[in-house]
Amino acid sequence: MTKIPFTKMHGCGNDYIYVNTIEYPIAHPAEAAILWSDRHKGIGSDGLVLIGKSPIPEADFTMRIFNADGSEAMMCGNASRCIGKYLYERTNPWPLPVKEGSGYKETVIRLLTLSGVKVLYLHIVDDVVESVTVDMGAPVFEDEILYNPTIGKSLSTPLPHREGQGVGLFVSMGNPHYVIFTDDVDQVGDTGRVLEHHPAFPQRCNIEFAKVETINGEAAGPTTIRTRVWERGSGITQACGTGACATAVAAAFTGKAGRLSHIVMDGGTLTIEWAEADRLVDGRQYKKNHVYMTGPATFVFDGEITAP
């Protein structure tokens, strides 16, 4: 029996099992994801993430994600940040350029995913990755219509969320999301389970329940949005990076928030900016209409497990 070294990490509580397949290939990743993700009989996680060597010159590394039910995901923002931290802190010597400033260092990783190449900016203090900013690309609305100031549609199919809760907005961040603004974010379990499999979503869907926080009826910071997530293939999770991005975009698009939001999820907070124009930010080129996600990544533990 083959033993596979793994590392468990989480981004705002969204926990995955990480395996460096450059050194330890896995023959049956879907089966491994189901077995290893079991929180009673396995390691316990929201899924399995495989780190690989890029086959194309436009990227440095690859990421494949398998949910706890064995289905393969297109993209995961929290996992991409964790991969950035894993690669930098576990690779010696570090092969990519590092930019140094006053009290900080930064390096860039180009990560190939099923939804394209994502650019990771690693923010480093004392050789520890304290946070990662990910260029998540441009959001796409229903029918794959690229966003512009005059286009954006809600799903026309009636959905069984609770009466009076308003209409949701479909946003793709490389994977499908349906964002519902509601005062009842705790319906995530009952309603999310139904909506994931609704006929309106032939590939199933991630569901977000979001509330713009208020105090005495006034915006407490129009950028602070409480969000709970039902992830396709995993159920309720502590956080979802692409879900946070979709929520921020939906809030800005519907006028409920500005272009910069703090998305507060069960496991922590992510800062999301939907760039309104091209500009430089700390020497990084932000692109118009791209979504930028910043947040932490955390090691939990290392171990070995038998390959299926």
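Further up the page is the structure itself.
Sequence positions are assigned chain by chain, starting from 1 and proceeding in written order. At least 70 in pLDDT is required for a residue's local features to be given in this predicted model, at least 80 for side-chain atom pairs to be given and counted, and no such filter applies to totals for whole chains, interfaces and linings, which use all residues. Here the side-chain values reflect all heavy atoms present in the structure, with hydrogen atoms and water set aside.

K.L.:
Please explain the overall build of the protein chain as it appears in this structure.
P.N.:
When you go through the protein chain residue by residue, the secondary structure sums to 4 helices and 24 strands. Each residue is placed in one exposure class: buried if its accessible area under a 1.4 Å probe, protein chains only, is under 20% of its type's maximum, exposed if it is over 50%, and partly exposed if it falls in between. Expressed as a percentage of the 308 residues in the protein chain, the buried residues total 53%. Only heavy atoms enter the contact rule, under which two residues are in contact if any of them lie within 4.5 Å. Once local pairs closer than 6 in sequence are excluded, the contacts in the protein chain between residues at least 24 apart make up 59%. Throughout, the Shrake-Rupley method with a 1.4 Å probe supplies accessible areas, and for residues the shown protein chains are the sole cover considered. Accessible area for the protein chain stands at about 13500 Å²; split by element, carbon and sulfur atoms hold 51% of it. Secondary structure elements are defined from DSSP: runs of H or I of at least 4 residues count as helices, runs of E of at least 2 residues count as strands, and each element is numbered from the N terminus.

K.L.:
What should I look at first to understand helix H1 (residues 29–37) in this one?
P.N.:
Because the α-helix completes a turn every 3.6 residues, residues three or four places apart line up on one side. Those residues of H1 not exposed but buried are Pro-29, Ala-32, Ala-33, Trp-36 and Ser-37. In a view along the axis of H1, the buried residues occupy a sector of 105°, so they form one face of it. Lining the buried residues of H1 we find strand E1 (3–11), strand E2 (14–20), strand E3 (47–53), strand E4 (61–67) and strand E24 (298–306). Think of the arc as the fan of directions from the helix axis to the C-beta atoms.

K.L.:
Explanation requested: the pattern of salt bridges in the structure shown.
P.N.:
When the charged atoms of two side chains with opposite charge come close together, those side chains can pair. Throughout this description, the term salt bridge denotes a Lys or Arg side-chain nitrogen within 4 Å of a carboxyl oxygen of Asp or Glu. Per the stated rule, a full pass over the model turns up 16 salt bridges. The shortest N-O distance in the salt bridge between Glu-273 and Arg-279 comes to 2.6 Å. The structure contains a network of salt bridges with shared partners spanning Lys-8, Asp-15, Arg-39 and Asp-46.

K.L.:
Teacher, can you tell me more about the packing of aromatic side chains here?
P.N.:
The geometry of an aromatic ring pair is captured by two quantities: the separation of the ring centres and the angle between the planes. Put simply, two rings from Phe, Tyr or Trp (the six-membered ring, in Trp's case) pair if the centres are within 6.5 Å, and we call them stacked under 30 degrees between planes, edge-to-face over 60, tilted for the rest. Counted according to the given criterion, the structure contains 6 aromatic pairs. With 6.0 Å between their ring centres and 80° between their planes, Phe-6 and Phe-301 make a pair best called edge-to-face. Of this pair, Phe-6 sits in strand E1 while Phe-301 sits in strand E24; the two residues are 295 residues apart in sequence, bridging distant segments of the chain. Relative accessible area serves as the criterion here: at 6%, Phe-6 is assigned to the buried category. For Phe-301, a relative accessible area of 35% translates into the label partly exposed. Between Phe-141 and Phe-253 the ring centres are 4.9 Å apart and the planes differ by 40°, which places this aromatic pair in the tilted class. In this pair, Phe-141 sits in strand E10 (residues 140–141) while Phe-253 sits in helix H4 (residues 241–253), placing the two residues 112 residues apart along the sequence. Note on Phe-141: relative accessible area 2%, which makes it buried. Within the aromatic cluster, the residues linked to one another by ring pairs are Phe-170, Tyr-178 and Phe-201. Charge-over-ring contacts are defined here by two conditions on Lys NZ or Arg CZ: a distance within 6 Å of the ring centre and an angle within 35 degrees of the ring normal. If you follow Arg-90 out to its NZ or CZ, it ends over the ring of Phe-299, 4.5 Å from the centre.

K.L.:
Mind showing me how you'd approach the environment of Asp-190 here?
P.N.:
In this structure, Asp-190 sits in helix H3 (residues 188–196). Given the relative accessible area of 54%, Asp-190 is considered exposed. Through-space distance from the C-alpha of Asp-190 to that of Trp-230 is 9.8 Å; in sequence the pair is 40 residues apart.

K.L.:
Even after reading the chapter, I still don't get the pairing of strand E20 (residues 268–274), so can you show me in this structure?
P.N.:
Regular strands place side chains that alternate from one sheet face to the opposite one. Two strands qualify as a pair provided DSSP detects at least 2 bridges between them. Sheet topology places strand E19 (residues 260–265) next to E20; 6 bridges connect them, and they run antiparallel. Bridge assignment links Val-264 to a residue of E20, and that residue is Thr-269. Between E19 and E20, which pair antiparallel and follow one another directly, the connecting turn spans 2 residues. Pairing analysis gives 4 bridges linking E20 to strand E23 (residues 291–295), with the strands arranged antiparallel. Bridge assignment links Glu-273 to a residue of E23, and that residue is Tyr-292.

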